[in-house]
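Each chain, letter by letter, is given below.
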Amino acid sequence: MAGPSDCYKIVKMIMERQYQPVIVFSFSKRECEAYAMQMSKLDFNTGLIHLLSLRSASMAATLG
C-alpha cells in the first residue's frame, strides 16, 4: 500500500474528532497487517493515560 489507506484516514479522523471507540475489521491477513502497521503511528492514549505512563516510567527508572 502506498501512502495512508482510507482505513487509516478514517480512524485518524475518528480520533481527532473524539468519536472513538471504533472497531475495524479486515478479512484479508495482508490488509490487516498493513493497517496495523499504519495504526501503530497513531496515539490512542488520552492525556490522563500519558501522565500515568510517564509517572509509571519515572517510578520504574528510580527503582531499577
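The following paragraphs examine the structure supplied in this document. Position numbers for residues count from 1 along each chain, tracking the sequence in the order it is written. Local features in a predicted model are, by the rule used here, given only for residues with pLDDT of at least 70; side-chain atom pairs are given and counted only at 80 or more, and totals for whole chains, interfaces and linings are based on all residues. The side-chain numbers reported here are obtained from all heavy atoms of the structure, hydrogens and water having been left aside.

Thoughts on the nonpolar core
Our working rule: Remark: nonpolar core denotes a set of buried residues (Ala, Val, Leu, Ile, Met, Phe, Trp, Tyr, Cys) joined through side-chain atoms within 4.5 Å. The rule is simple: take the accessible area with a 1.4 Å probe, protein chains only, and divide by the maximum for that residue type; under 20% is buried, over 50% is exposed, in between is partly exposed. Only DSSP runs of H or I with at least four residues qualify as helices, and only runs of E with at least two residues qualify as strands; both kinds are numbered from the N terminus onward. Contacts between residues were defined by any pair of non-hydrogen atoms, one from each residue, lying within 4.5 Å.
Among the nonpolar cores identified, the biggest contains seven residues, and these are C7, Y8, V11, M15, Y35, M39 and L42. The set of elements that each furnish at least two residues to this core consists of α1 (6–16) and α2 (29–39). Once residues within four sequence positions are removed from consideration, M39 is found in contact with C7, Y8, V11 and F44.

Remarks on the packing of α1 against α2
This is how the line gets drawn: Angles here are taken between N-to-C directions and fall from 0 to 180 degrees, while the axes themselves are lines fitted to C-alpha atoms, restricted in helices to the stretch in contact. Any angle from 65 to 115 degrees is called roughly perpendicular, while one under 35 is roughly parallel, one over 145 is roughly antiparallel, and all others are oblique. Crossings are classed by handedness, with left-handed meaning an anticlockwise turn of the near helix from the far one by less than a right angle and right-handed meaning a clockwise turn.
At their nearest, the axes of α1 and α2 sit 10 Å apart, and the two run at 40° to each other. As judged from the angle between their axes, α1 and α2 are oblique. Judged by the sense of rotation from one axis to the other, the crossing of α1 with α2 is right-handed. Of the residues in α2, those in contact with C7, Y8 and V11 of α1 are Y35, Q38 and M39.

Concerning α1
The test is simple: Directions pointing from the helix axis toward each C-beta atom define the arc.
Considered for burial, the residues of α1 that qualify are C7, Y8, V11, I14 and M15. The arc that holds the buried residues of α1, viewed along the axis, is 125°, so those residues lie on one side. Exposed positions of α1 whose direction lies more than 90 degrees from the buried face are D6 and E16. On its buried face, α1 is in contact with α2. Just downstream of α1 lies Q18, where phi reads positive at about 55°.

That's the geometry; what it means functionally is another story.
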